[in-house]
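Close look at the chain arrangement
The chain contents come next:
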Amino acid sequence: MIKTAAKKFYVFLIFLFLYAPIATLIVLSFNASKTRAKWGGFTTRWYVSLFRNDAIMNALLNTLTIALIASLTATVIGTIACIAIINMKKKSRAIWMGITNIPMLNADIVTGISLMLLFLSLGLKFGYGTILLSHITFCIPYVILSVMPRMKQFNTSTYEAALDLGAGPVYSFFKVVLPDILPGVLSGFLMAFTMSLDDFIITHFTKGAGVDTLSTKIYTEVKKGIKPEMYALSTLIFVTVLILLLLINKAPADKKQKA
Amino acid sequence: MNKKLIDLQHITKSFDGQMILDDLNLYIRENEFLTLLGPSGCGKTTTLRILGGFETPDQGHVIFDDQDITKLPPNKRQLNTVFQKYALFTHMTIAENIAFGLKIKNKSKSYINDKIAYALKLVNLEGYGSRMPDSLSGGQQQRIAIARAIVNEPKVLLLDEPLGALDLKLRQDMQYELIRLKNELGITFIYVTHDQEEALTMSDTIVVMNQGYIQQIGSPEKIYNEPENAFVADFIGDSNIIGGTMIEDKLVEILSARFPCVDTGFGTNRPVDVVIRPEDVILSSPANGRLTGTVTHLIFKGVHYEMEVTTPDGYEWLVHSTGMYPVGTQVGIDVDPFNIQIMHKPASEDEEAVKIDE
């Protein structure tokens, strides 16, 4: 009895430490008083003024379009890469999987600086395009990571059976291979989307003047002195990422139930 | 005789420098049930994949109906394959699976529905159209895979160990089913298996392969009764393979006893291999046999007794007989001349390596 109570208390402590900061943030975003020191009653005023702030709305739009385009492109490239890797011999497959895994373990700051240097040496103009390119780059490994296990499970003779029945390679891919690996592709897409949404460091190094995503916008705003609108914005980002994470975890589970 | 439908000419194929098929030549007649039989790694599946278009030979040509189809992709070939692991499309219903090939050919809806009904009836699975493949047993899935292939009316059906994953009873039922299907459809079946019993039961022609070479081509009776070399004799059922000497036409010396036989043309006093099937060894009292030996092992097998008879020179004869001789009994051994099969001894080490599975 005491043991279970102690266990529950321990778990409670873990979650308290993990989520207390976020809870504080969420509570403050509804605080009518401008200072953090006292509770001035419930309000959604910060949310309203947030949506009236053009600079922030612009950053939000950038964030969303970059995340969407980058994750879609990365999903296509990553899935194609998986098809290539799965058809390699064992040794070169291991090498290529290693190469695609390294960028995920690499420190963001290293990725960010190296991308910046690359864009500089190529003479690219820093702005929306460079952010998009760098986001596509760091999203691809996550797609491969998520599609590869499904690809390995796929029974090659199913694809051959489709060819055998008269289907062309492209038709066979969309009709037979894709439905089978779809859960992996979807969770890869969502993971890439979350990563892109979440990124600050790499964006910071590859963005040009005047172009901002939410994370870089918040960073500049905070330097000027923190405003309650930022609490509201951070709360919204947290909720969005939370929903995406739930979706990622749900996608493979759904497939299992059907099978 | 029906005309040649498929002609494989000088097919050579290697993977990673390892030779899988070496100058293989084989033709298949229309409406034939041909089985490629051999141990794993003998090249039988590679041969089938070359026919299906999934592999391209390094050298040689595949002639189908007088046309060279060596480089034709699988989707352009008038052959359909039944795969070892069924390879059904798991996210489609049974009916959608069967309709897959017909939809690509833009057949009308009513034609497709008729075909689905016909194919399900043919494989005894009427009313299964709306089920999902996962809800079917292995045997049922395999029959759907066959139905999916035959609705396209291929000239040839390729079957890659289709019964390998099924249990014994189901496998036997499916063997009869396949023979019935072949007779009803009147198309050519090319069947790959390592199971010699399966091959003997179903085939018109058996091609025994080992290490990329064809060892013997012939009817099941011929392959079983007159194996051309020790590998074939050993692979197709149990047998006694004994080194002997061909004294003259129709007379062979085995273990220093002379046996009349029916083979001619091996020359005089030539070393040969002699194959005698265990069920062809006649045991009697020592006085009536050409050789004498002692029964050293006895096992009851149901249909017959399996005995081991050791002759004084140490050779252990495998004998299947309905008569029982207890262990330790002295017996005489005789063989009917028709049941003695003489084979050339491999001339060189090289040839031996090819013929006997290592």
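Predicted model only: the values in this text are computed from it and were never measured.

With that settled, consider the interface of chain B and chain A. Contact residues are listed per partner, giving 24 residues for chain B and 20 residues for chain A. Here chain B and chain A share an interface that buries about 1,800 Å² over both sides, 59% of which is from carbon and sulfur atoms. Three residues, N75, H91 and F100 of chain B, lead the burial of chain B against chain A; their summed loss comes to 28% of the area buried on that side. Scanning the region where chain B abuts chain A turns up 2 salt bridges. Ionic pairing is found between R49 of chain B and E160 of chain A, a salt bridge with its closest N-O pair at 2.7 Å. Linking chain B with chain A are 6 residue pairs in polar contact (both at pLDDT 80 or more). For the side of chain B that touches chain A, the secondary structure elements donating two or more residues are β6 (79–82), α2 (94–104) and α4 (138–150) of chain B. Here the residues of the side of chain B that touches chain A sort into 11 nonpolar, 7 polar and 6 charged.

This part takes up the pattern of salt bridges. Residue and element names in this part refer to chain B. On inspection of all chains with the given rule, the structure shows 22 salt bridges over all chains. Across the pair K155 and D65 runs a salt bridge, and its minimum N-O distance is 2.6 Å. Remark: D65 occurs in the loop between β4 (59–64) and β5 (67–68) and K155 occurs in the loop between α4 and β7 (156–160); sequence separation between them is 90 residues. Accessibility expressed as a relative area gives 31% for K155, which makes it partly exposed. Between K301 and E306 there is a salt bridge; the shortest N-O distance is 3.7 Å. For E306, a relative accessible area of 18% gives the class buried. Among the charged side chains, a network of salt bridges with common partners joins R143, E177, R180 and E184.

Considering all chains together, one arrives at 16 aromatic pairs over all chains under this definition. An angle of 80 degrees between the planes, with centres 5.3 Å apart, marks the rings of F173 of chain A and F174 of chain A as edge-to-face. Judged by relative accessible area, which is 18%, F173 of chain A ranks as buried. Pairwise contacts between aromatic rings join F30, F42 and Y47 of chain A into one cluster. We note R277 of chain B situated over the ring of Y224 of chain B; from NZ or CZ to the ring centre the distance is 4.1 Å.

Conventions used here
- Residues numbered from 1 in each chain as written.
- Chains lettered and ligands numbered in written order.
- Predicted model: local features only at pLDDT ≥ 70, side-chain atom pairs only at ≥ 80, totals over all residues.
- Heavy atoms only, no water.
- Contact = heavy atoms within 4.5 Å.
- Buried area = accessible area lost by both parts, 1.4 Å probe.
- Salt bridge = Lys/Arg side-chain N within 4 Å of Asp/Glu carboxyl O.
- Polar contact = N/O pair within 3.5 Å; in protein donor to acceptor, adjacent residues only side chain to side chain.
- Helix = DSSP H or I, 4+ residues; strand = E, 2+ residues; numbered from the N terminus.
- Nonpolar A, V, L, I, M, F, W, Y, C, P; charged D, E, K, R; others polar.
- Buried < 20%, exposed > 50% of the residue type's maximum accessible area, 1.4 Å probe, protein only.
- Phe/Tyr/Trp six-rings, centres within 6.5 Å; stacked < 30°, edge-to-face > 60°.
- Lys NZ or Arg CZ within 6 Å of the ring centre and 35° of its normal.

Note that every value here comes from positions in space, so none of it alone points to a role or purpose.
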